[in-house]
Amino acid sequence: MLLLEAWNVKHYVKDRLLFDMERLQIHKKDRIGLVGRNGSGKTTLLHILAKKLSPESGTVIHHGQCELLPQLKRTDTTKSGGEVTQAYINEAIMKAPAVLFADEPTTHLDTKHIEWLEKKLSHWKGAFVIVSHDRAFLDALCTTIWEIDDGKISEYKGNYSDYAEQKEREKQQKQAAYEQYEAKKKQLEEALRQKERKAERATKAPKKVSPSEARITGAKPYFAKKQKKLQKTAKSIETRLEKLEKVEKVKEAAPLKMDLPNQEAIKHRIILRAEKVVGTVGKRVLWDPVSFHVHGGDKLAIIGPNGSGKTTLIKKIINQEEGLTLSPAVKIGYFSQHLTIIDTDKTILENVRSTSRHEESFIRTVLARLHFFREDVYKQAGVLSGGERVKVALAKLFLSDINTLILDEPTNFLDIEAASALESLLAEYEGTVIFVTHDRRLIENLATCLLIIRNQQIEWFEGTYQAYKTYEPQQARDTAEDKRLVLETKISEVLSRLSIESTPALEAEFQRLLKEKRDLEARD
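Here the structure is a predicted model, which is why all the values come from computation and not from measurement. Note on numbering: residues in each chain are counted from 1, in written sequence order. In keeping with the model being predicted, local features are shown solely for residues with a pLDDT of at least 70 and side-chain atom pairs are shown and tallied solely at 80 or more, while totals for entire chains, interfaces and linings include all residues. To get the side-chain values, take all heavy atoms of the structure and skip hydrogens and water.

Engineer: Help me get a handle on the pairing of strand 14 (residues 332-335), residues and values and all.
Structural biologist: Side-chain positions along a regular strand alternate between the two faces of the sheet. Three labels apply to residues, based on accessible area from a 1.4 Å probe with only protein chains included: buried if under 20% of the type maximum, exposed if over 50%, partly exposed otherwise in between. For the purposes of this entry, the term helix denotes a DSSP run of H or I that reaches at least four residues, the term strand denotes a run of E that reaches at least two, and both are numbered from the N terminus. Residues G333 and F335 point to one face of strand 14 and are all buried, whereas I332 and Y334, pointing to the other face, are not buried. For two strands to pair, DSSP has to find at least two bridges joining them. With four bridges joining them, strand 14 and strand 15 (residues 404-408) adopt parallel strand pairing. Bridge pairing links G333 to L405 in strand 15.

Laid out in C-alpha cells, this is it:
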C-alpha cells in the first residue's frame, strides 16, 4: 500500500543544489534509514516529505497521515534533554500516523531508553524514515537505507551493516576499475613510446645498405613512407589514450603516527588513581565511594543511564578533586558539546593550527580523514553546520599537545561517516582515551575497559563491551550453583518420602521442585 510519493523534487540552499530526485515512494511497513554527510540535506528532505517545507519544484503526495519528530527539541523547560526527547516520541507515537519521520530520535537518550525506543518502533504498524548517527539503532530497525550523496538519493536493501558491505564492494569495484584503467593507460603509453622511437629510427639508413644500394632502391622515399606510417599509428594510439575514460583513484585513509608528549613515561603505566572517590551533588548520592586505576593507552568507556553521574565523574578527573590523582606526565584535552574551543572568526585550518605543533601537511591529513578536503580548510568556522563544528573541535583537540583525551558524547550530531572516521582516528591514537557515550557501536569497536555507573554503584570491567555483555560475575555463578545443590538435595529428600508413601501433596511438591530446577538451568 502506497503511503507517500514524491515526484521531480528539486531544492536549493542559496545557490547550491541540495538534491534533485525524480521519484521517491514510501509503502506500508517500510523501515527506512536516511544517511548522508552533515549538510547533505537529510533534515531538509524530511521536512519536505512531511510537507513542513515546500521544495523549489516538484510534488509530494500523502496517502495517509504523516508526522515529523523534529531534531531540535524545546529548550524552554526544566526537563532533561532525555525527558524532552521521550515526551516528543510518546506524543508522535500516540497519534499513530501512517508515516513517521524521525530526525535523530536517540539524541540525549541513554542506552536503556534507546533500547526502549527500538522496541517501540519494531512493533510499529506504520512506515518510518529515520535519520540517525546511531549505527546499532539503524541495524536493529531498518530494512532499507536511503543515501543522500551529491544531490542524489540511492537506495540500498538491508540494514546499515548491509549497506556498509555494499558500499565496501562498490569501493573494491572502483579500485579494480582504476587498476584496469592504469594498466591500459600504461600499455598504450608504452606502445606510443615504441612507435615514436621506431618513427625516429626510420629516418636513418640501415647499416647493411651501402650508399650505392640506397641510390638504386630509393631508400630515402622508402624510409620517409615508413616514418609517415609509424607516425600515423602513433597518432592513432595517442587518440585512443586521449579517449580512454579516466577512472579516479579510490581515496585511502593515510595512516597516522603521532609523536605524543611524554609518550614513553605513560605507556602501560598507571596514569590515574581513584581512591575512595565520592560521587555527590548537594545531598544527592550519585555513587558510593569507588577506587580504580587507569593505565596509559587505555580506551576507557564510561557508560550508564542519564543522570547517573558520568559527566560529573569526568569533571572530577579533570579538576583532580579529592581522591583522584593524575600522573605529572599526563596532558589532558577535554571535549564537551559546548564547543567553546572554536573561534568562529577563524578558518578551520587556523583553528586547528593555533594549538598544534604538527606540520600543516599532517594537520591536513587528519582534517581529510574527517572529510575536510583541499579548499574546505579555508572555510570560516562561523559558517559551518553544527556537525562540522564538532569535527573541527575534535580535530583541534586531537592535534593539540596532549596525550590523554577526555570526550563527552563526541559522536552526537556527527553523521555516520564522520562518526566512523572519528572511531578510526581514536583506534589509531596511541594515547589514553576516556569517553562518555551512548553510541553502542563506538563502545563495541573502541573500548578496552569499561566503567559502568548504575544504581549508585560504579563497576570496573577489564575487557571489551562484547565480553562485558556475556560476563557473569563469579558471585552470581556461585549463587546459582548453591541454589542448584539445594534443589537437588530437596528433590532427593522428596523422592525418598515418595518411595515410602505417595501423596498428592508430595507429588505436587516434587513437580514444583523439578520445575524450579528446569527454570534455573534455562537461565544458565
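Engineer: Account for the sheet that holds strand 2 (residues 16-27), naming residues and giving values.
Structural biologist: Taking strand neighbours across the sheet as the criterion, the three strands line up as 2-1-4 in an open arrangement whose pairing is antiparallel. Each edge of the sheet is formed by a strand with only one pairing partner; in this case those strands are strand 2 and strand 4 (57-62). Averaged over all neighbouring strand pairs, the angle between strand axes comes to 15 degrees, with direction disregarded. Interaxial angles span 0 to 180 degrees and are taken between N-to-C directions of axes, which are lines fitted to C-alpha atoms, for helices over the stretch in contact.

Engineer: An account of the packing of aromatic side chains is needed here, citing residue identities and associated values.
Structural biologist: Only rings of Phe, Tyr and Trp enter the pairing, Trp through its six-membered ring, and a pair is recorded when the two centres are within 6.5 Å. The plane angle decides the type: under 30 degrees is stacked, over 60 is edge-to-face, the rest tilted. Taken as a whole and judged by the stated rule, the model has five aromatic pairs. Ring centres of Y156 and Y163 lie 5.1 Å apart, and the angle between their planes is 80 degrees; this geometry places the pair in the edge-to-face category. In terms of burial, Y156 and Y163 fall into one category: buried. On the numbers, 5.3 Å between centres and 45 degrees between planes, the contact of F398 with Y429 is tilted. Placement of the pair is F398 in helix 12 (residues 386-398) and Y429 in the loop between helix 13 (416-428) and strand 16 (432-436), with a sequence separation of 31 residues. Of the two residues, F398 and Y429, neither departs from the other in class, the shared state being buried. Linked through ring pairs, Y156, Y160 and Y163 together constitute an aromatic cluster. Throughout this description, the term charge over a ring refers to an Arg CZ or Lys NZ atom that lies within 6 Å of the ring centre and within 35 degrees of the ring normal. We note K391 situated over the ring of F372; from NZ or CZ to the ring centre the distance is 4.8 Å.

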